[in-house]
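A closer look at the structure
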Amino acid sequence: MAGDFLSFKEKGSVLNRIYPLVKMIWVLLIAVGLFLFKTPFSGGVMFVLILTLSMAGGKISPKEILRSALIVFGLGFLLMIFHFFFDPGEVVWSWYFLTITDYGLIQGPIFFFRLSVIVLSSFLLIWTTDTRDLMTSFIKAGMPYRYAYTIFLAMRFLPLIQKEVDAVQSAHAIRGRASGSGLSHRFKLWQRYVFTILINGIRKAEITADALECRAFGYKKQRTCVKDVTFRKRDLVLPILTLLILAGLIYMEHIRWIDIFGL
Amino acid sequence: MAVIAELKNVSFQFDQDSPKVLNNLSLTLETGSFNILVGPGGSGKSTLCHMFNGRIPHLFNGVLDGEILIEGTSTADVEMKDISCSVGSVFQDPESMFATLSVEDEIAFGPENLLFSREEILESVESLLTLTGINAYRHNLVWNLSGGQIQKLGLAAVLAMKPRLIILDEPTANLDPLATKQVHELILKLKNEGITILLVTRELDDFMASADNILVLEKGSLIASGEPYSLLMKHGLQMEQLGIWLPETVEIGLALIKAGYSLDRIPITVDETLAILNKLELCPEGRTLKGPEKVYSQHGSPLIQAENVRFSYGGGIYAIKGISLDIYPGEMLAIVGRNGAGKSTMARLLIGLNKCKEGTLELFGKNSRHWKVPNLSNHISLVFQNPEHQFLTDSVAQEIEYSLQAQGVYDKDTLEKERNRILTMLNLEQEKDSHPFALSAGNKRRLGVATMLVGDPQVLIVDEPTYGQDKEMTGTLMKLMKEIQSRGIAVVMISHDMRLVEEYADRVVVFSEGQKHFDGIPTELFNKADILERASLQPTLLFQLLKRLEEKKVNCTGHVPGSDAFLQLLLNKGMAS
C-alpha cells in the first residue's frame, strides 16, 4: 500500500510520546551538528546512536528501517565513492586514470554519515509522529492553522498521486510502443505521466480547495482541536541529551580526532 | 411550509461568450423536504448544486444573474465559510474532499473549524460513526477505505457540521450494488430525520416513491418540478424522451399510456405496477407470457481458457481463489460482483499486466506466462474506466495514429486511411483535432474504445462501459459494443449495472470474494437468490415484477430483456429479438 510506506506508526514507544515540536527541533539540532563535524568518527557514532534509538526508542524494526532507508544509504554510498575518487589531496592509490586521495577517504564517510543520519532522524520523526499532532503543536506555538495545515494536505495527496501513477502506468503499458527506439518511447511515456498526473493533480487540488471552503476552513482565526497534544518538561531530555552528545563529539574532534586524521 | 433555499431568476454562464449553463431558473426547496434533481448529461445539474453551496459566485468566475437565497440571505452577501454553516455538500468524488488522514479526524474536521466544543464534537463523531456504519474503521487511514465507506465518510463528515440542507451530487455513481444500497438506506434515514436534501442521481429505483419533490432540468432550464406521481403523469413521457433514467416500473406505466391505456397514476413501486396490471386485467391468473428462449451457444473454440487460476498481490491474501473461465469469440460476456470481488484483477491477468503464477491461463493458444504485454495487446484490449489514463498524445487523430504505429503501420497513406476509417466508425471525425482531455465524457469513452480497436483485437474488455452516462449515451455506447460484437470480437464488460447485463449480455459470470459463483445466462442468474445475495447483487425491478406475477400464477417464460420487451409480451405484440 502506498500509504503504508514511510508513514506514522503508533507503537506506544518512548519517541511516540515525545512532544512533536520538540522532535522537530531535535532533528534540526542533529542536522546542524552533522554539518559541524569534521571527522567520520563523530558521524559514525551518531549513525549508530540514531539506529539504536530507532529500534529501542521508536520500536522500529531493522526491516522497516532498511525498507525505507535503503535507497538513502545507497545514495550515501555513491556519494562516498564519488568523494574517494574526485576529492583533491595526496594520492594513496591509483589504477590507470582512477586515483583515491587521502582527503577523499576522510570526506567520503563524512558525507555518507551526514546524509544517512539526517535522513534517518527525519524518518524517525515521521515514523513516530502523527502529522495531526505535529500540526497541533505548530498551532500551539503560534502558527496560524491555515499554514500549519499545508503539511497535512501534502501528506494527504501522496497516496492519491501514487494511485494515479499506477493507473496511468498500467493503461499506457497496454497501448504498445509507437516510437522507434525504446528510449524515445520511454521519454514519451514519462512526458504523458507528468501531463496526466499534473492535470488530474490540479483538478484534485482544486476540488480539495473548494471542499475546504465548503467545510468552513478558515471560518475563524482559531479552531477547536479535538485531539490535543501536551508538552511535558521531560520531553526536553531528548534534545538536551543530543546537544550534550554533539558538543562532546565536537570537543573530542578538536582535542584528539582531528590530529589523528592530520586535519 | 418554510423555505430553506430559493433561486430567483438565476442564469449563469462560465464566461461572457459561452452559452448559458443555467437559464432564468426559479425554484424553492422547502425545509425538511427530500428533493431529487434529474436531467440528461450536460443539463446543468452540477452547476445548480454549486449555487446552493456558494461555489458560485464565490469560487467560479462567470456571469451570474438573479438571486440565490439560503435561509433568506443572499449567497452573494456572505462568505462561503458562512454558507457552510447551513449547507453541506458531498461531492461526486468525496475522496478528493478529505482534508485529514484518519476517519475520526475527517468527521471532526468541519466542526473543529466551526469552533464546536470538544465534547460536542466527540459526541457527534461517535453517533455519526454508528449512523453510517463505519465504526469499525474509525482509526483507518482514509485512503484504505472501500468506495462505499468513502461515500459514507463523506456524508458523516458533512453531517457533523449540522447543516440544515445537504447537497448530494451523484453519491453512488461508482459503487457496487451493496454499497449503493447501504448509502441509499442512509440517505432515506436522513430524510426521516427531517434534514432538507437535494440529491442528484440517476438511480431512482430506491428513491422516487420517497421524494417530496422532483426537479427536472434540461439545457439549464427547469422544465418540470413537483410531487413524483403527478410529475410523472404530466411530464413522464418527456422525461423518458430526454434520456433520463427512470425505474423500469415507471417505464412500464408510461408504455401503457403510450399504448392507449388510461391510468390514474404512473406506478413507481413493484406493488403499484402489479396493482395497475391487475386493474387493467392484463395479467389474469393462468396467463402465460412467453418470451423467446435465450439459449447461450458458444461459437468455435475458446480464445481464453482459465483453469483454477489463483492470484495474490502478496501478504498471503488471494484476490483470485481458483477461478476457471472460458471466453469465446463473438460473445458479450458480463463480469459482475462487488468491489474487491476479483473482477479487475482477472482483467489485469487477461491483458498481461499481472502474471498468472498458480493455475493455468491459456491466452490465444499460448500460456499467459509466455506473452509480453505489447504483443498481447494485439489480441486483447482493455478500455479503462477513466479513459484519460490511456491517452498519450495531443489530439484525437494522433491517438489513433499512435495505436496504428504501435501495430507497425508507418506508411503515411495507410496511416491516414486507417485513421479516418476508425474515426468514421466511432463517429469522431468532427473531433479529430480536439485534445483528448477536452472531449465530452461520452466521446472520451468512444476514443478509449477507438484506440483499443485499432489492432482488431479478438477480445475487448470494457470496465464499466456506461459509467456516469445518461440513458441516451448508454444506448449509443451499448449499440457500439453490439456492433463490435457483430464483427466477431468477444466483448467482456465489467459492470455493476444489472439492467445493462439483463438487456445486453449473452452470458454473465458472478465473482465474489475471488471465486466464481455463477456462469450462465442473465435470466438464470436472477432466479438464483442465494448467489445474488452472496455477491450482493440485486435483481432488476422488472425481474422482481416477473417473480411477483409468477406468485399470482402468471407464468412468464423465456428471456425478457427490459421493460419494452415485457410490454410487447404483455400486449401480445410478439417479442423483439
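Rules used throughout
- Residues numbered from 1 in each chain as written.
- Chains lettered and ligands numbered in written order.
- Predicted model: local features only at pLDDT ≥ 70, side-chain atom pairs only at ≥ 80, totals over all residues.
- Heavy atoms only, no water.
- Helix = DSSP H or I, 4+ residues; strand = E, 2+ residues; numbered from the N terminus.
- Rg over C-alpha atoms; globule rule 2.2 N^0.38 Å.
- Buried < 20%, exposed > 50% of the residue type's maximum accessible area, 1.4 Å probe, protein only.
- Contact = heavy atoms within 4.5 Å.
- Areas by Shrake-Rupley, 256 points an atom, 1.4 Å probe, with all protein chains shown as cover.
- Lys, Arg positive; Asp, Glu negative; His and termini not counted.
- Charge placed at Lys NZ, Arg CZ, Asp CG, Glu CD.
- Patch = residues over 30% accessible without salt bridge, like charges linked within 9 Å, V, L, I, M, F, W, Y side chains within 5 Å.
- Salt bridge = Lys/Arg side-chain N within 4 Å of Asp/Glu carboxyl O.
- Axes fitted to C-alpha atoms, helices over the stretch in contact; angles between N-to-C directions.
- Parallel < 35°, antiparallel > 145°, perpendicular 65-115°, else oblique.
- Left-handed = near helix turned anticlockwise from the far one by under 90°.
- Nonpolar A, V, L, I, M, F, W, Y, C, P; charged D, E, K, R; others polar.
- Buried area = accessible area lost by both parts, 1.4 Å probe.
- pLDDT = per-residue confidence, 0-100.
- Polar contact = N/O pair within 3.5 Å; in protein donor to acceptor, adjacent residues only side chain to side chain.
- Expected span 1.5 Å × (residues − 1).
- Arc of directions from axis to C-beta.
- Domains from an automatic or database assignment.

This part covers the overall build of chain B. Helix and strand content of chain B: 21 helices and 22 strands. In terms of C-alpha radius of gyration, chain B reaches 25 Å, essentially the compact-globule figure of 25 Å for 577 residues. Judged by the C-alpha coordinates and their principal axes, chain B covers about 70 × 60 × 50 Å. Each of the 577 residues in chain B was classed as buried or not, and the buried ones make up 57%. At a minimum sequence separation of 6, the contacts of chain B that also span at least 24 residues come to 67%. Carbon and sulfur atoms provide 46% of the accessible area of chain B, an area that totals close to 22,600 Å². The positive charge centre, built from 54 side chains, and the negative charge centre, built from 74, are 5 Å apart in chain B.

Now for the overall build of chain A. Tallying secondary structure elements over chain A gives nine helices and two strands in all. Along chain A, from the amino end to the carboxyl end, the secondary structure elements read α-α-α-α-β-β-α-α-α-α-α. Relative to a compact globule of 263 residues, whose C-alpha radius of gyration would be 18 Å, chain A shows 23 Å and is clearly more extended. Seen along its three principal axes, the alpha-carbon backbone of chain A occupies a region of about 65 × 65 × 30 Å. Buried positions account for 47% of the 263 residues belonging to chain A. Counting only contacts in chain A whose residues sit at least 6 apart along the sequence, the fraction spanning at least 24 positions is 76%. Taken as a whole, chain A presents about 13,900 Å² of accessible surface, with 71% of it coming from carbon and sulfur. Across chain A, the mean location of the 30 positive side-chain charges is 8 Å away from that of the 17 negative side-chain charges.

All names here are of chain A. Where nonpolar side chains cluster on the molecular surface, the patch consists of V45, L49, F231, L236, V237, I240, L241, L244 and I245 and spans about 750 Å² of accessible area. Those elements giving two or more residues to the nonpolar patch turn out to be α3 (40–56) and α9 (237–260). On the accessibility criterion, F231 (40% relative accessible area) is partly exposed.

So, on to the packing of helix α10 (residues 270–279) of chain B against helix α20 (residues 541–551) of chain B. Residue and element names in this part refer to chain B. The interhelical angle for the contact between α10 and α20, taken along N-to-C directions, is 50°, at an axis separation of 10 Å. The orientation of α10 relative to α20 falls into the category oblique. In the crossing of α10 with α20, the sense of the turn from one axis to the other is right-handed. Of α20, the residues touching α10 (which contributes V270, D271, T273, L274 and L277) are L541, Q544, L545, R548 and L549. Residue composition of the contact of α10 with α20, grouped by class: six nonpolar, two polar and two charged.

For the rest of this paragraph, the subject is the interface of chain A and chain B. At the interface, 55 residues of chain A touch 62 residues of chain B. Here chain A packs against chain B, burying approximately 5,400 Å² in sum over the two surfaces, 57% of which is carbon and sulfur. The three residues of chain A that bury the most area against chain B are A:I174, A:R175 and A:R215, which together make up 18% of that side's buried surface. At the junction of chain A with chain B, the criterion picks out seven salt bridges. Among the salt bridges present, the one from B:D105 reaches A:K227, with a minimum N-O distance of 3.1 Å.

A few words on the confidence of the model for chain B. Residue and element names in this part refer to chain B. For chain B, mean pLDDT is 88; residues scoring 70 or higher make up 98% of the total. By mean pLDDT, the top-scoring element of chain B is strand β9 (residues 213–218) (96), and the lowest-scoring one is strand β22 (residues 555–557) (80). For this predicted complex, the interface confidence score (ipTM) comes to 0.75, while the overall pTM stands at 0.80.

Take the side chain of B:E170 next. Assignment of secondary structure puts B:E170 in the loop between β7 (165–169) and α7 (177–192). Excluding residues that lie within four positions of it along the chain, B:E170 makes contacts with B:Q92, B:V200, B:T201 and B:R202.

What follows concerns the environment of A:W26. Residues and elements named next belong to chain A. Residue placement: W26 occurs in helix α2 (residues 20–36). Remark: the alpha-carbon pair of W26 and T52, spanning 26 residues in sequence, is separated by 16 Å. In this view, W26 contacts I50, L53, S121, L124, L238, P239 and T242; residues no more than four positions away in its chain are not counted. Of the polar contacts made by the side chain of W26, one reaches the side chain of T242; its length is 2.9 Å.

For the rest of this paragraph, the subject is helix α5 (residues 118–132) of chain B. Residues and elements named next belong to chain B. A rise of 1.5 Å per residue sets the reference length of α5, with its 15 residues, at 21 Å; its end C-alpha atoms lie 21 Å apart and thus fit the reference within 8%. Every buried residue of α5 is listed here: I121, S124, V125, L128, L129, L131 and T132. In a view along the axis of α5, the buried residues occupy a sector of 160°, so they form one face of it. Residues of α5 that are exposed and point more than 90 degrees away from the buried face comprise E119, E123 and T130. Of the surrounding elements, those touching the buried residues of α5 are α4 (103–113), α6 (147–159) and α7. Following α5 by one or two positions, G133 adopts a phi angle in the positive range, close to 70°.

Residues and elements named next belong to chain B. The linkage connecting I56 with the following residue, P57, adopts the cis geometry, with an omega of 15°. As for its position among the elements, P57 is in helix α2 (residues 55–58). Residue E281 is not a glycine yet carries a positive backbone phi of 55°. Structurally, E281 is set in the loop between α10 and β11 (288–290). For E281, a relative accessible area of 66% gives the class exposed. Unusually for a residue other than glycine, F364 sits at a positive phi of about 55°.

This part is about the domain arrangement of chain A. All names here are of chain A. Taken domain by domain, chain A consists of domain 1 (1–129 + 232–263) and domain 2 (132–228). With centres defined by C-alpha atoms, the gap from domain 1 to domain 2 works out at 30 Å. Both sides of the domain 1 and domain 2 interface together cover about 620 Å² of buried area, and 86% of this is carbon and sulfur. Counting every contact that joins domain 1 to domain 2 gives zero residue pairs in polar contact (both at pLDDT 80 or more). Looking at the side of domain 1 that touches domain 2 residue by residue, the class counts come to five nonpolar, one polar and no charged.

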